[in-house]
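Structural features, examined
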Amino acid sequence: MSSATSVIESVIEPVVFRWHEAEITALSPVTPHVRSVRLRCSLAEAYRAGQHVDVRLTAEDGYQAQRSYSIASAQDGSGTLELMIEALPDGEVSGWFSHLAEIGDRVELRGPIGGSFSWDGPDGGPLLLGGGGSGVVPLLAMLRRRAQGWRQIPAALIYSARTRAEAIAVAELERLAEADPNFSLHLATTREPGGKRIDAPLVAEALARIGAPGKVFLCGSNRFVAAASDLILAEGVAPGLIRTERFGA
Ligand SMILES: Cc1cc2nc3c(=O)[nH]c(=O)nc-3n(C[C@H](O)[C@H](O)[C@H](O)COP(=O)(O)OP(=O)(O)OC[C@H]3O[C@@H](n4cnc5c(N)ncnc54)[C@H](O)[C@@H]3O)c2cc1C
């Protein structure tokens, strides 16, 4: 049995959420395959960093499709929230957001979902964050929240991306790491010359920057989350501190 099985998986709360209307107010590229989608919605001021929403699209003939997306923004009083959606080959919902969606289009959102996979300043730290691919999105929201008034809490982000160009918000994360001595970024690129997967030295380096973590959040594919959990547990971090969220394949 993998040692990662004892970490706490985020669960979908058995709560019936109602759907809220949302309007797309801005669209912009984040990487060649990821698009930022900003939505005006009444849910925008009532979420914690790390949570996600369900998004429902309805076609003219009534056909509906729904998927989950993490919230990338931290609450900012704008009445909007931001999603970051990666275009998957032939992806039904991600394809619509990536190639067809326009400003002014309406979709529906429900949530916020994922109370155990969320963080706010008073929860404290130090924070050890691990993201694989688009799994970095909820962690970006936590770092944005931390930057709003909790920069004294040490934080380290271990981020695995295919290439630097495909790393979500990498310029923002690097700027933060340069300006904030309490935050460090540990980027592993898997498909570049000299690149590598996350490994024990990378995890040890991140832990050395923050000391003993008080909270650990890991998000990405099953494979990423399993590998990151095992590496972190091998460094002696207590399983009960680790929260995980998996994005599927
Ligand atoms: C809690 C949570 C948070 C998430 N947050 C994010 C986020 O922040 N950003 C993000 O980009 N994603 C996120 N996801 C993933 C997201 O929910 C969707 O799964 C993703 O966008 C794919 O949906 P889709 O409709 O585009 O693709 P789908 O149409 O569902 O297809 C998915 C993939 O499977 C392939 N496929 C589909 N049907 C078949 C078939 N019959 N045979 C073979 N292959 C097939 C498609 O080619 C595609 O590559 C999150 C998931 C969860 C659970």
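Residues numbered from 1 in each chain as written. Predicted model: local features only at pLDDT ≥ 70, side-chain atom pairs only at ≥ 80, totals over all residues. Heavy atoms only, no water.

To continue, consider the layout of surface pockets. In this structure, the second largest pocket spans a volume of roughly 290 Å³. Residue lining of the second largest pocket: 13 residues in total, with Leu 57, Thr 58, Ala 59, Tyr 63 and Trp 96 positioned closest to the centre. Listed by contribution, the elements that provide at least two residues to the lining of the second largest pocket are strand E4 (52-58), helix H1 (92-100) and strand E7 (106-113). For the lining of the second largest pocket, the class distribution of residues is seven nonpolar, one polar and five charged. (1 Å grid on protein atoms, 1.4 Å probe; cavity = no way out; pocket = protein on both sides within 12 Å on 5 of 7 lines; lining within 4 Å. Points joined across faces, edges and corners; volume = space filled by probe spheres on them. Helix = DSSP H or I, 4+ residues; strand = E, 2+ residues; numbered from the N terminus. Nonpolar A, V, L, I, M, F, W, Y, C, P; charged D, E, K, R; others polar.)

Turning next to the pairing of strand E3 (residues 34-41). Bridging between strand E2 (residues 20-29) and E3 involves seven bridges; their strand directions are antiparallel. Paired with Ala 26 across the two strands is Arg 38, which belongs to E3. If you look at the hairpin formed by E2 and E3, you'll find four residues sitting between the two strands. Judged from the seven bridges that link them, E3 and strand E6 (residues 80-86) form a sheet pairing that is antiparallel. Within E6, the residue paired with Arg 38 across the bridge is Glu 82. (Pairing = 2+ DSSP bridges.)

Under the definition given, this model contains 16 salt bridges. Note that Glu 21 is salt-bridged to Arg 106, the shortest N-O span being 3.0 Å. Here Glu 21, found in strand E2, pairs with Arg 106, found in strand E7; they are 85 residues apart in sequence, far enough to count as distant. Grouping residues by exposure puts Glu 21 and Arg 106 together as exposed. For the salt bridge of Asp 199 with Lys 196, the shortest nitrogen-to-oxygen distance reads 3.3 Å. (Salt bridge = Lys/Arg side-chain N within 4 Å of Asp/Glu carboxyl O. Buried < 20%, exposed > 50% of the residue type's maximum accessible area, 1.4 Å probe, protein only.)

Segmenting the protein into domains produces domain 1 (3-10 + 116-246) and domain 2 (20-113). With 21 residues of domain 1 at the interface, the matching set in domain 2 holds 20 residues. Interface of domain 1 and domain 2: buried area, both sides summed, is about 1,500 Å²; carbon and sulfur atoms make up 53% of it. On the surface where domain 1 and domain 2 come into contact, there are three salt bridges. If you look at where domain 1 meets domain 2, you find seven residue pairs in polar contact (both at pLDDT 80 or more). The element that contributes the greatest number of residues to the side of domain 1 that touches domain 2 is helix H2 (residues 137-147), accounting for seven residues. Looking at the side of domain 1 that touches domain 2 residue by residue, the classes come out as eleven nonpolar, three polar and seven charged. (Domains from an automatic or database assignment. Contact = heavy atoms within 4.5 Å. Buried area = accessible area lost by both parts, 1.4 Å probe. Polar contact = N/O pair within 3.5 Å; in protein donor to acceptor, adjacent residues only side chain to side chain.)

One open sheet accounts for six strands, arranged E5-E4-E7-E2-E3-E6; its pairing is antiparallel. A single partner strand is all that each edge strand has here, and the edge strands are strand E5 (64-70) and E6. Taken over all neighbouring pairs, the strand axes of this sheet differ in orientation by 40 degrees on average, direction set aside. Against the sheet, H1 contacts E2, E3, E4, E5, E6 and E7, and its axis sits at roughly 75 degrees relative to E5. Those strands touched by H2 are E5 and E6, and its axis lies near 145 degrees from that of E6. (Axes fitted to C-alpha atoms, helices over the stretch in contact; angles between N-to-C directions.)

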